[in-house]
Structure formats: C-alpha cells, structure tokens
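Below are the chains, spelled out letter by letter.
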Protein chains: 2
Amino acid sequence: MNEFELIRRYFTRPAGGAVLGVGDDAAILRPTPGCDLHVSVDMLVEGRHFFADVEPEALGHKTLAVNLSDMAAMGAAPRWVVLSLALPAMDEAWAAGFSRGFFALAERYGVDVIGGDTTRGPLTLSVTVGGETPRGQALRRAAARVGDDVWVSGELGLGAMAVRSRLGKIAPLPDGLREAAWRKLEYPEPRIALGLALLPLAHAAADVSDGLLSDLGHIAAASQTAVEVWADALPSHPLAEAAREQWLDCLAAGGDDYELAFTAPAGRRAQIEACAETAGCRLSRIGRIAAGQGVSLLDGAGNIIQLESTGYDHFK
Amino acid sequence: MNEFELIRRYFTRPAGGAVLGVGDDAAILRPTPGCDLHVSVDMLVEGRHFFADVEPEALGHKTLAVNLSDMAAMGAAPRWVVLSLALPAMDEAWAAGFSRGFFALAERYGVDVIGGDTTRGPLTLSVTVGGETPRGQALRRAAARVGDDVWVSGELGLGAMAVRSRLGKIAPLPDGLREAAWRKLEYPEPRIALGLALLPLAHAAADVSDGLLSDLGHIAAASQTAVEVWADALPSHPLAEAAREQWLDCLAAGGDDYELAFTAPAGRRAQIEACAETAGCRLSRIGRIAAGQGVSLLDGAGNIIQLESTGYDHFK
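Residues numbered from 1 in each chain as written. Chains lettered and ligands numbered in written order. Predicted model: local features only at pLDDT ≥ 70, side-chain atom pairs only at ≥ 80, totals over all residues. Heavy atoms only, no water.

A. A look at the overall build of chain A. Looking only at helices and strands, one finds nine helices and 11 strands in chain A. A compact globule built from 316 residues should have a C-alpha radius of gyration of about 20 Å, and chain A, at 20 Å, falls within 12% of that. Across the 316 residues in chain A, those meeting the buried criterion constitute 59%. Within chain A, residue pairs in contact and separated by at least 24 positions form 85% of the contacts whose partners lie at least 6 positions apart. In the structure as shown, chain A presents an accessible area of about 12100 Å², 49% of it carried by carbon and sulfur atoms. Across chain A, the 28 positively charged side chains and the 40 negatively charged ones have centroids separated by 3 Å. (Helix = DSSP H or I, 4+ residues; strand = E, 2+ residues; numbered from the N terminus. Rg over C-alpha atoms; globule rule 2.2 N^0.38 Å. Buried < 20%, exposed > 50% of the residue type's maximum accessible area, 1.4 Å probe, protein only. Contact = heavy atoms within 4.5 Å. Areas by Shrake-Rupley, 256 points an atom, 1.4 Å probe, with all protein chains shown as cover. Lys, Arg positive; Asp, Glu negative; His and termini not counted. Charge placed at Lys NZ, Arg CZ, Asp CG, Glu CD.)

B. Quick look at the sheet that holds strand S8 (residues 226–230) of chain A. Residues and elements named next belong to chain A. Sheet architecture is open: six strands sit in the order S7-S9-S6-S10-S8-S11, paired in mixed fashion. Two strands bound the open sheet, and with one partner strand each, they are strand S7 (205–208) and strand S11 (294–298). Recorded for the sheet is a direction-independent mean angle of 25 degrees between the axes of neighbouring strands. Docked against the sheet, helix H2 (residues 56–74) engages S7 and strand S9 (259–264), running at close to 160 degrees with respect to S7. (Pairing = 2+ DSSP bridges. Axes fitted to C-alpha atoms, helices over the stretch in contact; angles between N-to-C directions.)

C. A look at the pattern of salt bridges. In the structure shown here, the tally under the stated rule is 38 salt bridges over all chains. Among the ionic pairs, Glu189(B) bridges to Arg108(B), the shortest N-O distance being 2.9 Å. Placement of Glu189(B) in the loop between helix H5 (177–186) and helix H6 (192–198) and of Arg108(B) in helix H3 (residues 92–108) is noted, with a sequence separation of 81 residues between them. Between Glu155(B) and Arg282(B) there is a salt bridge, and its shortest N-O distance comes to 3.1 Å. Of this pair, Glu155(B) sits in the loop between strand S6 (149–153) and helix H4 (158–166) while Arg282(B) sits in the loop between helix H9 (269–279) and strand S10 (283–290), placing them 127 residues apart in sequence. Put simply, Asp24(A), Asp25(A) and Arg141(B) are held in one network by salt bridges that share partners. (Salt bridge = Lys/Arg side-chain N within 4 Å of Asp/Glu carboxyl O.)

D. Seen up close, the UniProt feature "binding site: substrate" (unreviewed entry) in chain A. Residues and elements named next belong to chain A. UniProt marks His49, Asp256 and Tyr312 with the feature "binding site: substrate" (unreviewed entry), using the numbering shown here. Its place among the elements puts aspartate 256 in the loop between helix H8 (244–253) and S9. Accessibility expressed as a relative area gives 17% for aspartate 256, which makes it buried. With residues near it in sequence (within four places) discarded, aspartate 256 still touches Lys62, Gly159, Val163, Leu185 and Ser209. Side-chain polar atoms of aspartate 256 contact the side chain of lysine 62, separated by 2.9 Å. (UniProt positions renumbered as here; feature names shortened; annotations may be inferred. Polar contact = N/O pair within 3.5 Å; in protein donor to acceptor, adjacent residues only side chain to side chain.)

E. Highlighting the pairing of strand S3 (residues 77–87) of chain A. Residue and element names in this part refer to chain A. Across the 11 residues that make up S3, a large majority, 10, are buried. With nine bridges joining them, S3 and strand S5 (residues 124–134) adopt antiparallel strand pairing. Note on S5: the bridge partner recorded for proline 78 is glycine 131. Bridge count for S3 against strand S4 (residues 112–120) is eight bridges, and the pairing is parallel.

F. Quick peek at unusual backbone geometry. Phi is positive for Tyr258(A), which is not a glycine, with a value near 55 degrees. The residue Tyr258(A) is located in the loop between H8 and S9 in this model.

G. The interface of chain A and chain B, seen in detail. Every contact between the two is made by 66 residues of chain A and, on the other side, 66 residues of chain B. Counting across the chain A and chain B interface gives six salt bridges. Of the charged contacts, one joins Arg30(B) and Asp36(A) as a salt bridge, the two residues approaching to 2.4 Å between their closest N and O atoms. If you look at where chain A meets chain B, you find 25 residue pairs in polar contact (both at pLDDT 80 or more). The leading source of residues in the side of chain A that touches chain B is strand S2 (residues 35–45) of chain A, at 10 residues.

H. Geometry of the environment of Gly75(B). Residue and element names in this part refer to chain B. With respect to the secondary-structure elements, glycine 75 resides in the loop between helix H2 (56–74) and strand S3 (77–87). Overall, glycine 75 belongs to the buried group, its relative accessible area being 0%. Excluding its chain neighbours within four sequence positions, the residues that come into contact with glycine 75 are Thr133, Leu139, Gly195, Leu196 and Leu199.

I. Structural detail: the domain arrangement of chain A. Residues and elements named next belong to chain A. Looking at chain A, the domain boundaries give domain 1 (3–134) and domain 2 (141–298). On a C-alpha basis, the centroid separation for the pair domain 1 and domain 2 is 25 Å. Contacts between the two partners involve 25 residues from domain 1 and, on the opposite side, 21 residues from domain 2. Around 1800 Å² of area is buried between domain 1 and domain 2 when both sides are counted, 63% of it from carbon and sulfur atoms. Our count for the contact surface shared by domain 1 and domain 2 stands at three salt bridges. With its nearest N and O atoms 3.1 Å apart, the salt bridge here joins arginine 166 to aspartate 53. Linking domain 1 with domain 2 are nine residue pairs in polar contact (both at pLDDT 80 or more), by the criterion used here. At 13 residues, H2 tops the list of elements feeding residues into the side of domain 1 that touches domain 2. Split into classes, the residues belonging to the side of domain 1 that touches domain 2 amount to 16 nonpolar, four polar and five charged. (Domains from an automatic or database assignment. Buried area = accessible area lost by both parts, 1.4 Å probe. Nonpolar A, V, L, I, M, F, W, Y, C, P; charged D, E, K, R; others polar.)

J. Spotlight on helix H3 (residues 92–108) of chain A. Residue and element names in this part refer to chain A. Helix length check: H3, at 17 residues, gives a terminal C-alpha distance of 24 Å against a target of 24 Å (1.5 Å per residue), a fit within 8%. Those residues of H3 hidden inside the fold are in contact with helix H1 (3–11), H2, S3, S4 and S5. The distance from a side-chain oxygen at the start of H3 to the backbone nitrogen of alanine 93 is 3.2 Å, and the residue carrying that oxygen is aspartate 91. One or two steps after H3, the chain reaches glycine 110, where phi turns positive at roughly 65 degrees. (Expected span 1.5 Å × (residues − 1).)

K. Spatial organisation of the relation of the copies chain A and chain B. Expressed as a screw operation, the relation of chain A to chain B combines 0.0 Å of axial shift with a rotation of 180 degrees, fitting to an RMSD of 0.0 Å. Taken together, the rotation and translation relating the two chain copies correspond to the operation of a two-fold axis. Here 100% of the interface residues in chain A have copies in chain B that are interface residues too; the copies meet face to matching face. (Least-squares fit on C-alpha atoms with pLDDT ≥ 70 in both.)

L. Representation of the pairing of strand S4 (residues 112–120) of chain B in the model. Most of S4(B) is tucked away: seven of the nine residues are buried. On the question of chirality, the crossover connecting S3(B) to the parallel S4(B) by way of H3(B) is right-handed. (Right-handed = clockwise from strand over helix to strand, strands pointing away.)

M. A look at the packing of aromatic side chains. Applying the stated criterion across every chain yields a total of 12 aromatic pairs over all chains. The interplanar angle of 70 degrees and the centroid separation of 6.0 Å between the aromatic rings of Phe102(A) and Phe103(A) together place this pair among those described as edge-to-face. Here the two residues Phe102(A) and Phe103(A) agree in accessibility, since each one is buried. Ring-pair connections join several aromatic residues into one group, and the members of that group are Phe11(A), Trp94(A), Phe98(A), Phe102(A) and Phe103(A). Arg166(A) extends its terminal NZ or CZ atom over the ring of Phe51(A), reaching a point 4.4 Å from the ring centre. The ring of Tyr187(B) carries Arg183(B) above its face, with NZ or CZ at 4.5 Å from the centroid. (Phe/Tyr/Trp six-rings, centres within 6.5 Å; stacked < 30°, edge-to-face > 60°. Lys NZ or Arg CZ within 6 Å of the ring centre and 35° of its normal.)

Right under this line is the structure:
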C-alpha cells in the first residue's frame, strides 16, 4: 500500500459540506454568508500528548476532539478539518483504527475532512479545524467583565490523574476512578453543544487544555481583569470528592480536561443553568471576575492557595 | 523563555486581514463575499523534507513556500496560514531565523499568520493555508480537456539535483549549477502571480512537488484523459542543457520543483505566453492532453521513455 492508497482507503470520505474535498491541490469551500470563519490548529506528538501504546482508535478520537474543543470555546459550529500525519511506517492496522476513531467523532458533529498530508516521520498529528459563528458573536477571551460569574463545564482533573498515575507520580487510582480518568484522557468530549448554547449568554470563554488556572489566566490577561477561583467549588468526580485536597492541583492545574471555562453576567444564572440540560453536561459556578489582574485560587476562608504549577509548559 | 513568550516574540505579527489573529482559542476571519475558500495543508519532517543542517531562515521560507504553491495551483490568492511546530528544544536562535524566513515570504504575499501551536517533539512543521478565488473559477485538476496544451513554469529538476548530489547518489554538481540547484531547493518561489494570471485562461493545474509525471498523473486521473509529455521540451537550467539525457529523471520525476503544470486550450497560446512576462517566469509548452488515460513521456520520435520512478512515495 502506498501513500495515495492509504489516503484513499482510510482518509477519504464524502465531504458533503465542501464544493471539493480531498484530492486536489486544495479543497474548495463556500463560507456561509453572514458568518465569521474560525480557524485553529493543534498538534499532538507521541510521548508528549499521548502514550506510545494508546489505541489508534482512541488517538483518532482525541486528535479531533482537542481541536473541536477550540471551536466550542468560541461558540463556533465546526465545519471542516484538514489532517497532517507523520507515520513511522506504513501501518494499515494503525490507519484503520485511527481513522475509525477520527471519523466516528467527525460524523457525530457533521465535520468534513477536506484535506490532509501524509508523510513518514516520528508519529505526529496536526489538525486544523474551521468553524463558523454568526458575524460578530463569537465568545472571545477578551470579553470578560468585572462582576461576571466564572463557570466551568463537566469535571476537572481526571485526565491529569490518569497521566500522573501512569507515570508513577501518584499512587494507582482506585477502581471506578481509574476507569473514569482513562475514559476522560482518551475520549474527551468536545463541548460543542454547550458552546453553541452559550453564544447569546456568555461573555468570555476558553477551553481547559493546559490547566484551569493557566487557561483562565488567558481570559484575565486578554480582558484586563482579575479572576478569583474558589477551590471548594471546583467540580470533581464523585469518587475523588472524599480526597479533594489531594486532587486540588489536578483539578486546578492538571490540564487535559477539554472542558469550557466561561464568564457570564450574574443575571443570567438561571439561563446558564438551563444550558446544562441542553448541552448534557454539569455546569459549576467556580468564581468571579474582579478588577485587577491575574488569577487567584481561594480557599473557603478567602485565603490564596499557592500551587507549585498553574499549568503546562511544553518547554519547562 | 517559555512557549507563550516564544510565540509572542517570534510568531505574533499584526494580522491586518483577520478580525482576530493569534491569542484566542481560534482566529476569526471574514471571508470575502462571493469568493470560494481554499484550504490545504503540508507537513515537513526533518530528514525527509529537509536536511538537519538547513539554515532556519531557509526552512522558514520553504515551509511557507510549499504551502503557498498549493494556492497558486488553484489560482487562489493566499490570505492566511496557521503554523504548528514541534521543536526538540527551546532554541531562540532557531526560532528567530525560522520566523525571519517565514514572515519575509508571508509579507511579500500579504499572508497573515492567524494562529499556531508549539510543542516539544522531533522537528516537524505543519502549515495550513487558506486562500480565495472568485466563486466557481478555481483551477481544478479535473478540468483538463482533450486537445489542451500542457505547460509548465520555470525550470525543472534543480531541487532533485541538489538532493541527489548531497546524498552522494550523483557526482558533485558543477559550479553555477550547484548554486542554482541549492537556491531552488531552499528558496523555491511559489508561482502565485502566475496562478492568478492563469485563472481566466487555463483549464487544469497542479503544482509540481512529487515529480512532474506523478503530478500530471493526478490531472490525468481526475480529468479522465491521457497526458503526453515531450521529453525534449522539458525546461532545464541552461547549465544542465548540455547533458539533458543524464538529467531526464530529475526533470521528469525529481520533485521539489514547486512549479505549476497546467493545461489550456491551444487557442490561448499567445495569452499564456504573455503571462510569462506578467508573472516573471519562463513558461514552456511540454505536451498535450489526449483521449485515454495515464501519463506518457515521449522522445523526439514519439517513442515512450520508461523511467525507474515517476515520483516520490513517502512509504517506499
């Protein structure tokens, strides 16, 4: 099997939303009139973003999910992706599994694979995703306002728990929590429906990928405000509740969550809470936007908690 | 210097054509009304697409150039790119050189860098490029018609000569030819102006990246026609003319040319020739589209020449 056969067999599916999909020098798309176009890219490298023994199907899911998560964070409807892929060798079983996981998620959200590139090299995946919002309505990091509530979706810290236990940095996870943590690490669910539901309600949003405090730091910096986060309010898995303190740095700074953190006016609390049902995920009010700068993690008495690290830096 | 400082210092420039560039979960763009959007991706891996000792500035240029070449092949005006970058270590000198080469070319064509991703990993670069054509007018591989002339821009084979001599597969290149070959390998010039000029004139087009015969094969397959290529007409560097036969496989199947191969009706020859001046590059009529299928390389007597390989396959 050569490069072109691999692409044809595993990575070419009908791209109904495109004028022209895979197979020319470039794809051709017709943007929706009156919409803004959103574009984002995420690259995943073996040994850094995923373990070498990850199931190809899980990797296919996650490679797309982390990119869709960026669309969710803008309140955008994802439309298309291009995928570039460096593979150590021609491995048909790998390609079959990877493409199964990738396309299962793509089809669920109506996302077309419109192009790509395949080469030999150390296992590396790069996806560029495009999506649309009605003109001028995107959720931007710079849009937080003093007095806003700070919210986060789902449960935090599970992905980090899986990574840390696998690396032997923490004790093995108890039954139940282990499965939940691995499920979250390998099959994160992009919060697309939530992002769309928040479009008319929220001010600023970001997805939680590097760690909650780090990602809220981007909102604080872009909005020129301060963010206060209440440690006791951070949503954790029920099986992690009993040892909240032990898990605090996973919850607040672990990364690999792919949840949405967002801000919204206090007057919209009921509407936000209603979104939890529409979007099928838990929503927790975890803090507020204040005048000032930076992100503070506060305990129940309002004292600042210092963590060793607030998030992930690839070059530390 | 951490990841975010690196991005800010070397990869964040004003993106005048975007509503929002680097710094949020995704960029925001306003597509031009009445235009189609073109999207393409190319990934470059150390040791495969470039030598480990390449100058970072040359690599920055080439990484963008090979992607702009795909836009040229559609007749599209390139508008924006996103760049994902795996680096073995934080290397500020490398980032400075790479970004210098990348942005010098981007600014020359008015292309905005609107987003990216930086991670640690084996040196790998992936660029997604977006461009626009007036609706319905793109140059597609499937548009060749029986009776069309086949044309190619510039000179062929130089990039392949540089690679083969560096790998010791052929004798060292003579003075003059060596410099030209290396210049072409490291600083290919995307044929953007030519693509735009051809929009109302040409039928099908493809860029020559894997090797002329291989890339024309995509036009033949997509158009359900045959392509005849005249070996004697393939444009070579003046210093390679004396030994045309020796260089034939570089000319016809070497790859790394980033020239445009295109087809156009015979009645437009004068207009095509005028494009050479507009676009500032040589144009050569090298064959014709016939009924049938596949690509044939013909000698002066009309006999088929068999080459060992017609182009590059990453997994061979």
